[in-house]
Amino acid sequence: MVHVMRLVTFVEVTDSVADPRRLSVSARHEAVLSNGDRVILLDDRGWSESGPPDIWSSLSAVEIVESARVVVGPDEPFDGYSQEYMQATHWATLAEVLRRHGVDVEGKTLSELPHEVVLGEKLLTRLRAGAG
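Just so you know, these numbers come straight off a predicted model, no measurement behind them.

Caption draft 1: Representation of the sheet that holds strand E2 (residues 22–33) in the model. Overall, mixed pairing links the four strands, which are arranged E3-E2-E1-E4 in an open sheet. Looking at which strands have only one partner, the edges of the open sheet turn out to be strand E3 (38–50) and strand E4 (115–119). Pairwise comparison of adjacent strand axes, ignoring direction, gives a mean angle of 20 degrees for this sheet. Two elements, E2 and E3, share ten bridges in a ladder whose sense is antiparallel. For Glu30, the partnering residue across the bridge sits in E3 and is Ile40. Against the sheet, helix H2 (residues 83–100) contacts strand E1 (4–13), E2 and E3, and its axis sits at roughly 135 degrees relative to E3. Against the sheet, helix H4 (residues 121–131) touches E1, E2 and E4, its axis set at about 55 degrees to E1.

Caption draft 2: Focus on unusual backbone geometry. In this structure, Pro74 follows Gly73 across a cis peptide bond, with omega equal to 5 degrees. Position of Pro74 among the secondary structure elements: in the loop between helix H1 (61–71) and H2. Non-glycine residue Asp79 carries a positive phi angle of around 50 degrees. Of note, Asp79 is situated in the loop between H1 and H2.

Thresholds applied
Residue positions are given per chain, counted from 1 along the sequence in the order it is written. The predicted nature of this model means local features are confined to residues of pLDDT at least 70 and side-chain atom pairs, given and counted, to a pLDDT of 80 or more, with totals for whole chains, interfaces and linings taken over all residues. Only hydrogens and water are removed before side-chain values are computed, so all heavy atoms of the structure are retained for them. DSSP-based pairing: two strands are paired if at least 2 bridges between them are found. Per the convention used, a helix needs a DSSP run of H or I reaching at least four residues, while a strand needs a run of E reaching at least two, with both numbered from the N terminus. Fitted lines through C-alpha atoms serve as axes, helices being fitted only where they are in contact, and the angles separating the N-to-C directions of these axes extend from 0 to 180 degrees. Residue contacts are defined here by distance: any two heavy atoms, one from each residue, within 4.5 Å place the two residues in contact.

Shape descriptors only; they carry no functional weight alone.
Below, the structure written as structure tokens:
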């Protein structure tokens, strides 16, 4: 039986030309399975930031990793929903994606898995250039 080993979020810049005043990245969230396969859980996430002409020098890899973890969820409560509800529905939705791919897993199990964030090469290059 195939099971989920860990979660991985890949973060990469989305603009083709570096802008010293802007950060724009995508975040693709995947489940890594015990047979080596991967299942895309979320591929519609990302964020942008604007700032001073040296925005890249004020960013760190740690900040980007933290932001990536936030944007792939669970979301913050809204309209009277509790944090517990938001977390439960988030993980249940991801578990349903995996079930559609033949992987039987509960949301709670997913929530307890290791979650790695991988920064793309273009993103790392811009961070290094910004650091001087």
